[in-house]
Amino acid sequence: GAGVSQSPSNKVTEKGKDVELRCDPISGHTALYWYRQSLGQGLEFLIYFQGNSAPDKSGLPSDRFSAERTGGSVSTLTIQRTQQEDSAVYLCASSLQSGTGRNTIYFGEGSWLTVV
Amino acid sequence: QKEVEQNSGPLSVPEGAIASLNCTYSDRGSQSFFWYRQYSGKSPELIMFIYSNGDKEDGRFTAQLNKASQYVSLLIRDSQPSDSATYLCAARGAGSYQLTFGKGTKLSVIP
């Protein structure tokens, strides 16, 4: 696709429910990131995928958060037993190759999650 | 702990003036630096990246990097109301894939 595609764009869920957020990266981009941005805050790194390598999960805030990437392309971020503090914009991004050095990261429009 | 610091603002400048946005970083190993613009309710959009000391110009935008001082800046010449947004500074270490972001500076260009 032309850009990073995310769905849903908006999600309102009840506390305690599980949610799934989907990301389709730019075609040909092998590096995929998930970031979280809370209101008035900077971007918080969550997880990184590169090709078939084991993902870097060091940014996941708790074991309620998990992510997978199928076939080296589409990724799903799952939040179990959602809490109000999970309310944020979840941004997916992709990059060519390893995403190091000068390779720039391009963001999707985000999934706005509200836990009520 | 790698940190990127920005003045949260808001920074207000009159239309046509030069807006100067500043950023400092704590990790001396940082090699690449990125400026993203984020309109309210929208995702970050890459404006410029810089990895060599000195200035890099692209249209009305100039990025400046001083690795000795661990300082990055973005100058916007002839500021327009459409430049009003939050500007995010990000740094990446050598061989690293993670970008560390600052919290952003909100810029308001007053017509």
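Residues numbered from 1 in each chain as written. Chains lettered and ligands numbered in written order. Predicted model: local features only at pLDDT ≥ 70, side-chain atom pairs only at ≥ 80, totals over all residues. Heavy atoms only, no water.

Asks: Quick rundown of the overall build of chain B? Include the residues and the values.
Replies: Summing up its helical and strand segments, chain B has zero helices and 11 strands in all. Taking 13 Å as the expected radius of gyration for a compact globule of 111 residues, we find that chain B reaches 13 Å, a close match to that expectation. For chain B, the spread of C-alpha atoms along the principal axes amounts to about 40 × 30 × 20 Å. Relative to its full complement of 111 residues, chain B shows a buried share of 44%. A total of about 5200 Å² of accessible surface is found on chain B, and carbon and sulfur atoms cover 47% of it. Taken as two groups, the 11 positive and 10 negative side-chain charges of chain B have centres that lie 6 Å from each other. (Helix = DSSP H or I, 4+ residues; strand = E, 2+ residues; numbered from the N terminus. Rg over C-alpha atoms; globule rule 2.2 N^0.38 Å. Buried < 20%, exposed > 50% of the residue type's maximum accessible area, 1.4 Å probe, protein only. Areas by Shrake-Rupley, 256 points an atom, 1.4 Å probe, with all protein chains shown as cover. Lys, Arg positive; Asp, Glu negative; His and termini not counted. Charge placed at Lys NZ, Arg CZ, Asp CG, Glu CD.)

Asks: Quick rundown of the sheet that holds strand 3 (residues 19-25) of chain B? Include the residues and the values.
Replies: Residues and elements named next belong to chain B. The strand order 1-3-8-7-6 describes an open sheet built from five strands, whose pairing is antiparallel. Lying at the two open borders of the sheet, with one neighbouring strand each, are strand 1 (4-6) and strand 6 (54-58). Averaged over all adjacent pairs, the angle separating strand axes in this sheet is 20°, with direction ignored. (Pairing = 2+ DSSP bridges. Axes fitted to C-alpha atoms, helices over the stretch in contact; angles between N-to-C directions.)

Asks: With reference to specific residues and values, describe the side chain of Gln6(B).
Replies: All names here are of chain B. Tracing the sequence through the fold places Gln 6 in strand 1. Within polar-contact distance, the side chain of Gln 6 engages the backbone nitrogen of Cys 89 at 3.0 Å. For Gln 6, the contacting residues outside a window of four places in its chain are Asn 22, Cys 23, Trp 35, Tyr 87, Leu 88, Cys 89, Gly 102, Lys 103, Gly 104 and Thr 105. (Polar contact = N/O pair within 3.5 Å; in protein donor to acceptor, adjacent residues only side chain to side chain. Contact = heavy atoms within 4.5 Å.)

Asks: Any details on the packing of aromatic side chains? Residues and values, ideally.
Replies: Residues and elements named next belong to chain B. The tally for this structure, following the rule as stated, stands at 11 aromatic pairs over all chains. Measuring from centroid to centroid gives 5.8 Å for Phe 49 and Tyr 51, while their planes differ by 25°, and the two rings are stacked. The class for Phe 49 is partly exposed, based on a relative accessible area of 24%. Residue Tyr 51 is classed as partly exposed on the basis of its relative accessible area of 27%. The cationic tip of Lys 56 hangs over the ring face of Phe 49; the distance from NZ or CZ to the ring centre is 3.7 Å. (Phe/Tyr/Trp six-rings, centres within 6.5 Å; stacked < 30°, edge-to-face > 60°. Lys NZ or Arg CZ within 6 Å of the ring centre and 35° of its normal.)

Asks: I'd like a description of unusual backbone geometry, backed by residues and values.
Replies: In this structure, Pro8(A) follows Ser7(A) across a cis peptide bond, with omega equal to -10°. Within the secondary structure layout, Pro8(A) lies in the loop between strand 1 (5-7) and strand 2 (10-13). Across the junction of Gly9(B) and Pro10(B), the peptide omega takes the value 10°, indicating a cis bond. When you line up the elements, Pro10(B) lands in the loop between strand 1 and strand 2 (11-14). Here Gln70(B), not a glycine, exhibits a phi torsion of approximately 55°, which is positive. Residue Gln70(B) is classed as buried on the basis of its relative accessible area, which comes to 12%. Residue Asp78(B) is not a glycine yet carries a positive backbone phi of 45°. By the element assignment, Asp78(B) lies in the loop between strand 8 (71-76) and strand 9 (85-93).

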